[in-house]
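Chain by chain, the residues run as shown.
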Amino acid sequence: EQAIKSFTETEEKPGQALSYHNYGNFLLEQKELDKAEEMLTKALAIRKETQSLYDIASTMNVLGSLLTKKGKTKQAEDLLLQSMAMLKSENSVRQKDVYKYLAANYRATGKMEEAYKYQAGYISMSDTLANENEVTNMLRSQSEYEVEKRDAQLTLAKKDRELQTLLVSKKNDQLIYLMIAFGL
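Parameters and conventions
- Residues numbered from 1 in each chain as written.
- Predicted model: local features only at pLDDT ≥ 70, side-chain atom pairs only at ≥ 80, totals over all residues.
- Heavy atoms only, no water.
- Helix = DSSP H or I, 4+ residues; strand = E, 2+ residues; numbered from the N terminus.
- Expected span 1.5 Å × (residues − 1).
- Buried < 20%, exposed > 50% of the residue type's maximum accessible area, 1.4 Å probe, protein only.
- Contact = heavy atoms within 4.5 Å.
- Patch = residues over 30% accessible without salt bridge, like charges linked within 9 Å, V, L, I, M, F, W, Y side chains within 5 Å.
- Areas by Shrake-Rupley, 256 points an atom, 1.4 Å probe, with all protein chains shown as cover.
- Salt bridge = Lys/Arg side-chain N within 4 Å of Asp/Glu carboxyl O.
- Axes fitted to C-alpha atoms, helices over the stretch in contact; angles between N-to-C directions.
- Parallel < 35°, antiparallel > 145°, perpendicular 65-115°, else oblique.
- Left-handed = near helix turned anticlockwise from the far one by under 90°.
- Core = buried A, V, L, I, M, F, W, Y, C linked by side-chain atoms within 4.5 Å.
- Nonpolar A, V, L, I, M, F, W, Y, C, P; charged D, E, K, R; others polar.
- Phe/Tyr/Trp six-rings, centres within 6.5 Å; stacked < 30°, edge-to-face > 60°.

Teacher, can you tell me more about helix α5 (residues 73-86) here?
Side chains that are three or four residues apart share a direction in an α-helix, a result of its 3.6 residues per turn. Between its first and last C-alpha, α5 extends 20 Å over 14 residues, near the 20 Å set by a 1.5 Å rise per residue. Taken together, the buried positions of α5 are Thr-73, Ala-76, Glu-77, Leu-79, Leu-80, Ser-83 and Met-84.

Written as structure tokens, this is what we have:
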């Protein structure tokens with residue numbers, strides 16, 4: 001609530017919307033559904049002003065899930081389908097969430113064929129995102145290995161240059177001693 005107050009005083013809309021969204025999400029987890037709905041509705045209104053589609057869809061997802069739990073399944077369906085349309089070009093966690101929430105909504109209304117369709121989409125998205133994460137982690141590890149290998153090669157080359165410099169310096173010293181010894 002303090003964050004909401006601070007962002008309201010500074011009129012920083014994205015921060016204010018994020019605070020309402022996070023607080024609403026917290027209240028949803030605490031099963032304070034009416035207060036959560038109020039906070040998420042405020043977040044959605046502000047996010048619509050800022051026109052950030054990803055943020056709007058995120059709040060619609062949570063609000064849609066909440067409305068399903070409250071038995072307002074038609075409102076929930078409308079919000080979730082709007083969110084789905086906004087996220088159509090993405091392959092993200094938000095889109096995966098829409099599938100999950102729509103599956104739950106259709107189960108609640110007894111539309112099992114639709115529930116199955118969205119549950120299958122959710123599982124497919126989960127697998128896709130997991131595979132993408134595995135590929136990303138593998139590429140990150142490979143990149144770290146290459147960087148470490150290059151750093152080791154650079155360190156070795158630097159040590160080699162230092163050794164060569166030391167050898168040249170010793171040979172120069174020996175030449176100077178020989179020249180002094182022979183009185184040149």
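From this point, the discussion proceeds with the structure in view.
Mind showing me how you'd approach the environment of Tyr-99 here?
Along the chain, Tyr-99 turns up in helix α6 (residues 93-108). Separated by 73 residues in sequence, Tyr-99 and Asn-172 have C-alpha atoms that sit 76 Å apart. Apart from residues lying up to four places away in sequence, Tyr-99 is in contact with Met-84, Tyr-118, Gly-121, Tyr-122 and Met-125.

Can you help me understand a nonpolar patch on the surface in this one?
Nonpolar side chains collect at one region of the surface, where Leu-175, Leu-178, Met-179 and Phe-182 lie side by side and expose about 440 Å² of accessible area between them. Mapped onto the elements of the fold, Leu-175 is located in helix α7 (residues 112-181).

Explain the packing of helix α2 (residues 13-29) against helix α4 (residues 53-69) to me, please; I cannot follow it from the model alone.
The description of two packed helices rests on the angle between their axes and on the distance between the axes. Running from N to C, α2 and α4 point in directions that differ by 25°, and their axes come no closer than 11 Å. On the basis of their axis angle, the class for α2 and α4 is roughly parallel. Relative to α4, α2 is oriented so that their crossing is left-handed. Contact residues: His-21, Asn-25 and Leu-28 in α2; Ser-58, Thr-59, Val-62, Leu-66 and Lys-69 in α4.

Could you clarify how one ought to interpret the pattern of salt bridges in this entry?
Where charged atoms from two side chains of opposite charge approach closely, those side chains can pair. The full count for this structure, using the stated rule, is nine salt bridges. Between Lys-13 and Glu-49 there is a salt bridge, with its nearest N and O atoms 3.7 Å apart. Pair noted here: Lys-13 is in helix α2 and Glu-49 is in helix α3 (residues 33-50), with a separation of 36 residues, a long-range link. For Lys-13, a relative accessible area of 33% gives the class partly exposed.

Got a minute to help me understand α4 in this structure?
In a regular helix each residue adds 1.5 Å, so 17 residues correspond to 24 Å; α4 covers 24 Å between its end C-alpha atoms and thus fits that length. Among the 17 residues in α4, 13 count as buried, and that is most of the element. At the C-terminal side of α4, Gly-71 shows a positive phi close to 85°.

What's the story with the nonpolar core in this structure? I'm lost.
Within soluble globular proteins, side chains that are nonpolar tend to cluster in buried spots. The biggest cluster of nonpolar side chains holds 20 residues, and the ones touching the most others in it are Tyr-20, Met-39, Leu-44, Leu-63, Leu-66, Leu-67 and Leu-79. Among the elements of the structure, α2, α3, α4 and α5 are those that each provide at least two residues to this core. If we ignore the near neighbours within four places in the chain, the residues touching Leu-44 are Ile-56, Thr-59, Met-60, Leu-63 and Leu-79.

Help me out: how do you make sense of the packing of helix α1 (residues 2-10) against α2 in this one?
Two elements in contact, α1 and α2, have axes whose closest approach is 8 Å; the angle formed by their N-to-C orientations is 160°. The angle between α1 and α2 places the two elements in the roughly antiparallel class. Here α1 and α2 pass one another in a crossing that is left-handed. The residues of α2 that touch α1, namely those facing Ala-3, Ile-4, Phe-7 and Thr-8, are Gly-15, Gln-16, Ser-19, Tyr-20 and Tyr-23. Of the residues in the contact of α1 with α2, the class split is five nonpolar, four polar and no charged.

Mind showing me how you'd approach the packing of aromatic side chains here?
In total, this model carries three aromatic pairs according to the counting rule given. With a centroid separation of 5.8 Å and an interplanar angle of 45°, the aromatic rings of Tyr-99 and Tyr-118 are classed as tilted. In this pair, Tyr-99 is assigned in helix α6 and Tyr-118 in helix α7, connecting sequence segments 19 residues apart. On the numbers, 5.6 Å between centres and 25° between planes, the contact of Tyr-106 with Tyr-118 is stacked. In this pair, Tyr-106 is assigned in helix α6 and Tyr-118 in helix α7, connecting sequence segments twelve residues apart.

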